[in-house]
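# A look at the structure
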Amino acid sequence: MIKNKAMVIAKNLKETILTELNTQQLVRIPASEEDFFSVTKELPFKIEYHENEIVTMGLASLWHEAIVMNLGRIFNMLFFNNDDILVLGSNSGVQIPKFEGGYYMPDVMVVKGNPVFKEKSRAIITNPYIIVEVLSPATKAFDLSEKLSEYKLLSSLQQVIYINPEKVSVSTFIRSENPNTWINQDFYSLEDALSVENSSISLADIYHKIKFDD
């Protein structure tokens, strides 16, 4: 009976989300943590959970996904011989410590050391080391304000990288020796390079094959 009820809730939530995405770029729906986990398996795109709301923009754009693949390739090459570092894609979630039941789905995530999972989960990580978010017009404000402030509360996290798929623009936030102080750098040229784990990553590689609208 409980299983059938969960299936009905997931079906109704799925229909609500898909309906609202027809008219809105970003959908935010009040939901419980149980509702969130019940509907994640029903949708073909990632959803996030923030302060008792399901948040999603639906399917990502082509260039968004191309940049994600570029970053995955770059990071896998960068850390290929480092057995202490694991590179993960957007189907792995992060639990936010500020409030119970907050879950984000970064586009790329790096874990250093053994992954620490949320209790009773093998997909939700609590100890990310580097997080990458590829921005979209719908989620940019949410990513740069609400999510960034929550990410900074993760004691394991050392770097957050934001990438704009519509133009050459990359922002990085690196935790300093003072844990509560973050160093922000912004890059706007394909000739620029940002530092990740004492290595240099060129923007030309991040934006490889990416075409911008005129």
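First, a word on what this report is: a plain description of the structure on this page. (Residues numbered from 1 in each chain as written. Predicted model: local features only at pLDDT ≥ 70, side-chain atom pairs only at ≥ 80, totals over all residues. Heavy atoms only, no water.)

### Section: the side chain of Thr172
Looking at the element boundaries, Thr172 is found in strand β11 (residues 170-175). Overall, Thr172 belongs to the buried group, its relative accessible area being 1%. Within polar-contact distance, the side chain of Thr172 engages the side chain of Gln159 at 2.8 Å. Apart from the residues lying within four places of it in its own chain, the contact partners of Thr172 are Gln159, Val160, Ile161, Ile183, Asn184, Gln185, Phe187 and Leu194. (Helix = DSSP H or I, 4+ residues; strand = E, 2+ residues; numbered from the N terminus. Buried < 20%, exposed > 50% of the residue type's maximum accessible area, 1.4 Å probe, protein only. Polar contact = N/O pair within 3.5 Å; in protein donor to acceptor, adjacent residues only side chain to side chain. Contact = heavy atoms within 4.5 Å.)

### Regarding the nonpolar core
Core analysis: the largest hydrophobic core is formed by 26 residues, its most contacted members being Phe75, Ile161, Ile163, Leu194, Ile206 and Tyr207. Elements with a contribution of two residues or more to this core: α3 (62-78), β4 (85-88), β7 (108-112), β9 (128-134), β10 (159-163), β13 (193-196) and α5 (203-206). Leaving out residues up to four positions away in the same chain, Phe75 has contacts with Val87, Val108, Val110, Ile130, Val132, Ile161, Val196 and Ile201. Counting residues in each nonpolar core, the second largest holds 19 residues, with Leu88, Tyr151, Val160 and Trp182 among its members. (Core = buried A, V, L, I, M, F, W, Y, C linked by side-chain atoms within 4.5 Å.)

### Topic: the packing of aromatic side chains
Overall, the coordinates contain nine aromatic pairs when judged by the stated rule. Taking the centre distance of 6.2 Å and the plane angle of 85° together, the rings of Tyr162 and Phe173 count as edge-to-face. Residue Tyr162 is located in strand β10, and its partner Phe173 is located in strand β11; the two are separated by eleven residues in the primary sequence. Each of the two residues, Tyr162 as well as Phe173, counts as buried. (Phe/Tyr/Trp six-rings, centres within 6.5 Å; stacked < 30°, edge-to-face > 60°.)

In short, shape yes, function no, at least from these values alone.
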